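Summary of structural features
Given next are the chains, with one letter for each unit.
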Amino acid sequence: MDISMILLIIGLISVIASFFVGNFSNKYADELEKVSMSLHEETNGLKKRIRIVEEELMINAQPMPSVNKRKMTAQPKAKPIHNIIISQILSLHSQGYSVNEIAKRSSLSNEEVITVLHSKGVTT
């Protein structure tokens, strides 16, 4: 056997092997594309759901009236407190947290926490 015959056989084996190897990469590329498309669709679906929830929260947001029975002097308008924060305050209070701890966790002042608790009929 001379060198040209050996090279011809190696070339034929390489061409035949390339058909089998190429199919695996195409299979993985197709699967990767499917996963990418499903991830994109899920992301868009989640964005739509978040947008809907944000709109509902903005519609249902009702400002909490600031009632301070101790001081009846003119004070700056209190920022509205969202219903979610109010329910968080009530939940933390029912779990036994102090006003200071509730204020830290809800990012409100102690007076605002006390005002919310009094407006819901809870004594501190």
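Each value, and the rule that gives it
Residues numbered from 1 in each chain as written. Predicted model: local features only at pLDDT ≥ 70, side-chain atom pairs only at ≥ 80, totals over all residues. Heavy atoms only, no water. Helix = DSSP H or I, 4+ residues; strand = E, 2+ residues; numbered from the N terminus. Buried < 20%, exposed > 50% of the residue type's maximum accessible area, 1.4 Å probe, protein only. Areas by Shrake-Rupley, 256 points an atom, 1.4 Å probe, with all protein chains shown as cover. Patch = residues over 30% accessible without salt bridge, like charges linked within 9 Å, V, L, I, M, F, W, Y side chains within 5 Å. Salt bridge = Lys/Arg side-chain N within 4 Å of Asp/Glu carboxyl O. pLDDT = per-residue confidence, 0-100. Expected span 1.5 Å × (residues − 1). Arc of directions from axis to C-beta. Contact = heavy atoms within 4.5 Å. Axes fitted to C-alpha atoms, helices over the stretch in contact; angles between N-to-C directions. Left-handed = near helix turned anticlockwise from the far one by under 90°. Nonpolar A, V, L, I, M, F, W, Y, C, P; charged D, E, K, R; others polar.

**Things to note about the overall build of the protein**
Looking only at helices and strands, the protein has four helices and zero strands in total. Traced from its N-terminal end to its C-terminal end, the protein shows the element sequence α-α-α-α. Relative to its 124 residues, the protein shows a buried fraction of 11%. Element-wise, carbon and sulfur atoms account for 62% of the exposed surface of the protein, whose accessible area totals about 10400 Å².

**Structural notes on a nonpolar patch on the surface**
A contiguous nonpolar surface patch, about 470 Å² in accessible area, is contributed by Met5, Leu8, Ile9, Leu12 and Ile13. Summarising the element assignment, Ile9 is placed in helix H1 (residues 3-60).

**Quick notes on the confidence of the model for the protein**
The share of residues in the protein with pLDDT of 70 or more is 79%, and the mean pLDDT across the chain is 81. Put simply, H1 is where the protein has its lowest mean pLDDT, 85, and helix H4 (residues 110-119) is where it has its highest, 90.

**Describing helix H2 (residues 83-94)**
Taking 1.5 Å per residue as the helical rise, H2 with its twelve residues ought to reach 16 Å, and the 16 Å between its terminal C-alpha atoms agrees with that figure. By the burial criterion, the buried members of H2 are Ile86, Ile89 and Leu92. Down the axis, H2 shows its buried residues gathered within 130 degrees of arc, on one side only. Looking at the buried side of H2, the elements it contacts are helix H3 (99-106) and H4. Gly96 occupies a position one or two residues after H2 and carries a positive phi of about 100 degrees.

**Observations regarding the packing of H2 against H3**
Packing of H2 against H3 leaves a shortest axis separation of 10 Å and a crossing angle of 145 degrees. Here the hand of the crossing between H2 and H3 comes out right-handed. Residues Ile85, Gln88, Ile89, Leu92 and His93 of H2 lie in contact with H3, whose contacting residues are Ile102, Arg105 and Ser106. Within the contact of H2 with H3, the residues separate by chemical class into four nonpolar, three polar and one charged.

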